[in-house]
Amino acid sequence: MKTQEYIDLDEKYGAHNYHPLPVVLSKAKGVKVIDPEGKEYFDFLSAYSAVNQGHLHPKIVKAVRDQLDRVTLTSRAFHNDKMGMFLKKLCEFTGYEMALPMNTGAEAVETAIKAARRWGVEVKGVQNGKQEIICMEDNFHGRTLAAISMSSDPDSTVNYGPYAPGFIRVPYQDIKAIEKAVTPNTVAVILEPIQGEAGVVVPPEGYLKAVRALCDKNKMLFIADEVQTGFCRTGKRFAWEHENARPDIMCLGKALGGGVMPISAIVADHGVMKVFTPGTHGSTFGGNPLAGAVGIASLEVLEEGKLEENAERLGRIFRDEVAKIPCKKMVLVRGKGLLNAIVFEKGFEAWNVCLALRDAGLLAKQTHGNIIRFAPPLVINEKELREAIAIIRSVLEKI
Ligand SMILES: *Cc1c(COP(=O)(O)O)cnc(C)c1O
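Small disclaimer: the values here were computed from a predicted structure and weren't measured. (Residues numbered from 1 in each chain as written. Predicted model: local features only at pLDDT ≥ 70, side-chain atom pairs only at ≥ 80, totals over all residues. Heavy atoms only, no water.)

A. Seen up close, the overall build of the chain. A tally of helices and strands in the chain yields 14 helices and 15 strands. Since a compact globule built from 399 residues should have a radius of gyration of about 21 Å, the 21 Å found for the chain is in line with a globular shape. Judged by the C-alpha coordinates and their principal axes, the chain covers about 60 × 55 × 45 Å. The buried share among the 399 residues of the chain stands at 54%. Approximately 18,000 Å² of the chain is accessible, and the part contributed by carbon and sulfur atoms is 54%. (Helix = DSSP H or I, 4+ residues; strand = E, 2+ residues; numbered from the N terminus. Rg over C-alpha atoms; globule rule 2.2 N^0.38 Å. Buried < 20%, exposed > 50% of the residue type's maximum accessible area, 1.4 Å probe, protein only. Areas by Shrake-Rupley, 256 points an atom, 1.4 Å probe, with all protein chains shown as cover.)

Here you go:
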């Protein structure tokens, strides 16, 4: 079958809840993906940063193969011989005392919200039903009802009411706005340390530290949604490390699954995690042994490759070189590590640029019409990065 035939199938039988770039991928390796006609592309989306380790990393593939000969799913009704080792590894990697495994990023966010609400009642003494959580304009926390109840994006929320109550939304990067929104019932502040879907919005230096201090002062939990920014993407293991603003709860997902399967978790210390007692939260697939094996391998690959250092170094080259490209419509290039975006003039249709990049051999996706995010697998080397920049240059110069 050819590219167009696969696209036709998707259009006919799949709900139209996405508008993908017209390209079909049937194979992948490392930083490259291949279409049915055999054309190769640089993958500069990395499945929204779920493939930080590169496609089909041999160590992760081996972990899957080995585990497929043993056991894949037990449910949490029983223990399995992989989950504990996985969670120990995750706690060591993140520097937290405990972890709670789920599957998708949105579920990690739900888990964090439930933890914070319960903590609010049982530790802070807020009356149940009165808990408030402060969230940010232009956030992206996933697609569940609680996540979209925090969202300010009309596409995410349209006609999905009634929305979940208890979320107070304030402008991002505005510490005074958070301060004003605090009440005795506020149990947490939730934010992305860098807003990914909003177009890689990097808050000013000091913001995260100020949020941390405000949470301490008012006895609120600081929840960092690191689903996209985590696991070495921004040049540190986690984006909060840029300011040493350690959150009380981290939401993790995407690259935790090494590009192989959905694996997510929250991590926190005992004081927060103790609010979960048997029967009060769970997931059939959460903590399954296959995920355990994959999760361990995914973390080892990040560790052994020192991928945060690679992201930091190559990210600087990327921003320096792209900023030099003569392009009348480009306003700026911004980001941290290998999570970057080119912002074009307001009203400019970046979709056509993505099509031209595709034709030139590089896949990236626009967000909010005039912004394109560039986030290659973190295993990319300097030679590959410079090849990719040459492709981007060849396209941008012609605009
Ligand atoms: C992708 C993402 C999510 C949702 O993850 P899913 O696995 O798609 O549910 C949540 N938060 C952030 C910051 C994300 O980028």
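B. Expanded view of helix 4 (residues 83-94). Helix length check: helix 4, at 12 residues, gives a terminal C-alpha distance of 16 Å against a target of 16 Å (1.5 Å per residue), a fit within 8%. Looking only at helix 4, the buried set comprises Met83, Phe86, Leu87, Lys89, Leu90, Cys91, Phe93 and Thr94. The inward-facing, buried residues of helix 4 abut strand 4 (98-102), strand 9 (249-252), strand 10 (264-268) and helix 11 (289-304). One or two steps after helix 4, the chain reaches Gly95, where phi turns positive at roughly 80°. (Expected span 1.5 Å × (residues − 1). Contact = heavy atoms within 4.5 Å.)

C. Quick peek at the pattern of salt bridges. For the structure on display, the rule yields 24 salt bridges. One salt bridge in this structure joins Glu303 and Lys89, with 2.9 Å as the shortest N-O distance. With Glu303 in helix 11 and Lys89 in helix 4, this residue pair connects regions lying 214 residues apart in the sequence. Two residues, Glu179 and Lys217, come together in a salt bridge whose shortest N-O distance is 3.9 Å. Here Glu179, found in helix 8 (residues 175-181), pairs with Lys217, found in helix 9 (residues 207-217); they are 38 residues apart in sequence, far enough to count as distant. Among the residues examined, Lys217 registers a relative accessible area of 62% and is labelled exposed. If you follow the salt bridges from partner to partner, you end up with Lys59, Glu300 and Glu304 in one network. (Salt bridge = Lys/Arg side-chain N within 4 Å of Asp/Glu carboxyl O.)

D. Broad picture of the sheet that holds strand 13 (residues 362-363). Here we have 4 strands laid out as an open sheet, ordered 1-2-3-13, and mixed in their pairing. Looking at which strands have only one partner, the edges of the open sheet turn out to be strand 1 (27-29) and strand 13. Inspection of the sheet shows strand 3 (residues 40-43) paired to strand 13 by 2 bridges, in the parallel sense. Residue pairing in the sheet places Asp43 in a bridge with Leu363 of strand 13. (Pairing = 2+ DSSP bridges.)

E. Quick peek at the nonpolar core. Of all hydrophobic cores here, the largest spans 72 residues; its most connected members are Phe44, Leu90, Phe231, Phe344, Leu362 and Phe374. Considering every element that reaches this core, the biggest residue donor is helix 11, with 8 residues. Taken together, domain 1 (3-57 + 307-396) and domain 2 (58-304) each give at least three residues to this core, which thus spans both. Ignoring anything within four residues of it in the chain, the contact list for Leu362 reads Tyr41, Phe42, Phe44, Leu357, Phe374, Ala388, Ile391 and Ile392. Grouped together as the second largest cluster of nonpolar side chains are 29 residues, Trp119, Met150, Ala188 and Val227 included. (Core = buried A, V, L, I, M, F, W, Y, C linked by side-chain atoms within 4.5 Å. Domains from an automatic or database assignment.)

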